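What follows is each chain in one-letter form.
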Amino acid sequence: MTSDSHRLADSSKGKRLVGENIGYFDQNIDRKPLVQLRGNPLGYDQNALASKSSEIEDKAPWIEGHKDPVMDIWTCYNNLTDEELKQLDQTEIIQMLTTLKKELRRPNVSKIMIKIYNDIESRAGQIPNTWVCNIMLSMYVQLKDLESCKKQFNYMEALGIRADTVTYNTMISAHGRFGMLDDVIRIYDSMVDKNIKRTKRTYMAMIEAYTINTIKIGKKASVEKAMEIFQKFETDGLGYDEIAFNAIIQINVKALAPNFKPALLLFEKMKSTGITPTVTTYNILIRGMSKCGAKEKAMELFHQMKDYNIKPDGYTLAAVDIKNLNALKLLKRTNRDMTVNDYNGLICQAIRGSDWIQAFKIFQDMRENGYSANIKTYTMLIEAHIKNQDIEQSMELYKAMREEGIKPDIYIYSALIRAGLMMKSLHGVTELIDLMIKDDVTLNTVTLNEIIQVASRFGDFELVETIYRKMQDKGVLADLITFKIILYIGAQHRSDVTLKKYLREMRDKYHLTENNEIYQAIIIGYCGAKKGSDAVRWYLQMKQNFLEPTRLTLSALIEICSKNLDTVLVLKLWNEMLELNHKPDGLDIQNVFQVIDRATSALITEQLKALGRGEIVKPITIHESVNSLSIENSKRSFQDDPRRLHYQQSNVMKRQLPRLVHHYKSTQSSYPRRNQSKEISNHYNHPHLRPINNIKNKYFEKLSRNRY
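Below you will find a few notes about this structure. In this convention, every chain numbers its residues from 1, walking through the sequence in written order. Reporting of local features is limited, given that this is a predicted model, to residues whose pLDDT is at least 70; pairs of side-chain atoms are given and counted only at 80 or more, and all residues count toward the totals for whole chains, interfaces and linings. Heavy atoms from the whole structure form the basis of all side-chain values; hydrogens and water molecules are not counted.

### Overview of the packing of aromatic side chains
When the centres of two rings from Phe, Tyr and Trp lie within 6.5 Å, Trp using its six-membered ring, the rings pair. Their planes under 30 degrees apart give stacked, over 60 give edge-to-face, and anything left gives tilted. Counted according to the given criterion, the structure contains 18 aromatic pairs. Geometrically, the ring pair formed by Phe 230 and Phe 245 is edge-to-face, given 5.3 Å between the ring centres and 70° between the ring planes. Taken together, the residues span a long stretch of sequence, with Phe 230 in helix α13 (residues 219–235) and Phe 245 in helix α14 (residues 242–256) at a distance of 15 residues. Each residue's exposure class comes from its accessible area (1.4 Å probe, protein chains only) as a fraction of the maximum for that residue type: buried when under 20%, exposed when over 50%, partly exposed otherwise. Look at Phe 230 and you get buried, because its relative accessible area is 0%. Chaining the aromatic ring pairs together yields one cluster made of Tyr 203, Phe 230, Phe 233, Tyr 240 and Phe 245. Going along the chain from the N terminus, every DSSP run of H or I of four or more residues is numbered as a helix, and every run of E of two or more is numbered as a strand.

### Regarding the pattern of salt bridges
Side chains bearing opposite charge may pair, as long as their charged atoms lie close to each other. The salt bridge definition used is simple: a Lys or Arg side-chain nitrogen within 4 Å of an Asp or Glu carboxyl oxygen. One pass over the full model with this rule turns up 22 salt bridges. Across the salt bridge formed by Arg 469 and Glu 505, the nearest N and O atoms sit 3.0 Å from each other. Residue Arg 469 is found in helix α27 (residues 461–473), and its partner Glu 505 is found in helix α29 (residues 496–510); the two are separated by 36 residues along the sequence. On the basis of relative accessibility, which here comes to 13%, the residue Glu 505 falls in the buried class. The partner of Asp 496 in a salt bridge is Arg 537, and the shortest N-O contact between them spans 2.4 Å. With Asp 496 in helix α29 and Arg 537 in helix α31 (residues 532–544), the pair connects residues that are 41 residues apart, well separated along the chain.

### Description of unusual backbone geometry
Cis peptide bonds are those with omega within 30 degrees of zero, and the linkage from Ala 257 to Pro 258 qualifies with 10°. Mapped onto the elements of the fold, Pro 258 is located in the loop between α14 and α15 (261–272). Even without a glycine there, the phi angle at Asp 321 is positive, about 65°. Following the sequence through the fold, Asp 321 ends up in the loop between α18 (314–319) and α19 (324–333). Classification of Asp 321 by relative accessible area gives exposed; the value is 52%. In this structure, His 511 takes a positive phi of about 55° despite not being glycine.

What follows is the structure, given as structure tokens:
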């Protein structure tokens, strides 16, 4: 089964939501478990289970060797017959799912949860209740799998499972974190229309969504909307608390700075209602004022903390320019008991300021005063040494933490593997992967993608291929992202034979089909390697498979074809970009203008004016025979006298760009971009194109930054 196989089948046929994405595992939902599981969940005899453990492990190889709640649950569940499963109450299902959700960071636990959830209907013949569905929603949010989250919610509605407050809170929080404010508002309005009870968590999720989307809807509008929600704490009789005040103060500071008057008024209201400000409250205000240069106001609030007997932390002191060892001394003088988190905060501040010596001295003070470093401490220090290219010291820290009995996690191993790749030590990377498996560290598709992504930056396809095969031997499954990375780096350094081999493996072994993003990776890879003919060939193959090219695909092709002075193909690609409603950016426009004549440039200028007015854009009629002749003439004249072509192009750019920017600038929006390759940068530094490059810098500096 594939990691992206999420589908909602026809509910009338008894089929249901299936999702197996185990890819993302960073965002925890702070909600208490619905039911606490203790002991043997299904009442099986432990001696009987022990005798069957080897048989069960054969059936569940992804749980091999675990003697813990996850293994207990899977062992018990896997022995259930259909009749026994039908007799189970859904409360027992909730107990199992709740416990498994706590272990979601471990490999393939989400697959076990999905299997149990699917069996409720397919084997037990029951419809899952609201609590069960809420746990699955929370699981998808924790995995950052918003698509499956939406399908789960739609499935509930299709079967008439009543969504409650927890359901809507989870959906609002998930869409808000992904910056989808329109969906957040739609879900909240639906909640109000259905008269579903709103809680503090509902309103906190709404305020958080407006804070994240401050720039999208405008600073003033976001504050007004958030304030409307904040008032509902009082009108609904929920009452204020410090968390609600901190959230509303934060959006006022973020959106209205350097105007801190509204935030300070809320701060005074907080105190007048009898709620004592916390160190978080002061940090929000002090850090916001310091960033805007209001140092005096920040210092006033800092001294005010003493009146409320609130002890500052490392972040408070950093905001008032008291850092590193000075901050450590001041924290000790406040007669507060230092904690490991205090030391970690100071170390983090020193590392951010690239002050490695101060960070190490704080670490030494921590150990001298009897504080044991935790995994967060070692993660920061190891990352800092790797960033400073001090690989030897990072390995010494790794050994020290092993000696102290601290087991490294996925983040430390990822950093060390990155260090090994920096040294191109394949043997060292292999040993680290073996240690990860020995330490029972999560080794899944995301880990594979992260390691391959790092390896691809070194431009060594053999290294990428070796790591991929090594992880395959350890049973780690690949997904579309894995193959996108491999095909991109393969297009730059290998031939079509290698690419087709991996495409076959993708189809036959993982049952994944090529989509427009797979072709995008191949085409952009070929363009980066200046293999224009290969890029065009894969583009034509993409069209034969009835796939629409992405904007980045068309941009890369326009760029490589403009370098080859292929006017016909550039104009065809330009027409297709506009037909697919992909808005071109500044560099796309410049690449087109480099290969067209005066008459065509006038037509494109009219197109961009129409695009800026939101009108339908008519494609340019291409006369291939005439243009083909002009291409040959352009190539010949460029070879005979390069200054001639450069003079014509630069004059066209000078005439058209000021008007073009005026009419088109309003249509620009943010696109997913990637850093330009060195080859592209070198092309624009060519001596014959420097006047054009200067014009680009003048008119398109913001538009053409981070081209891909």
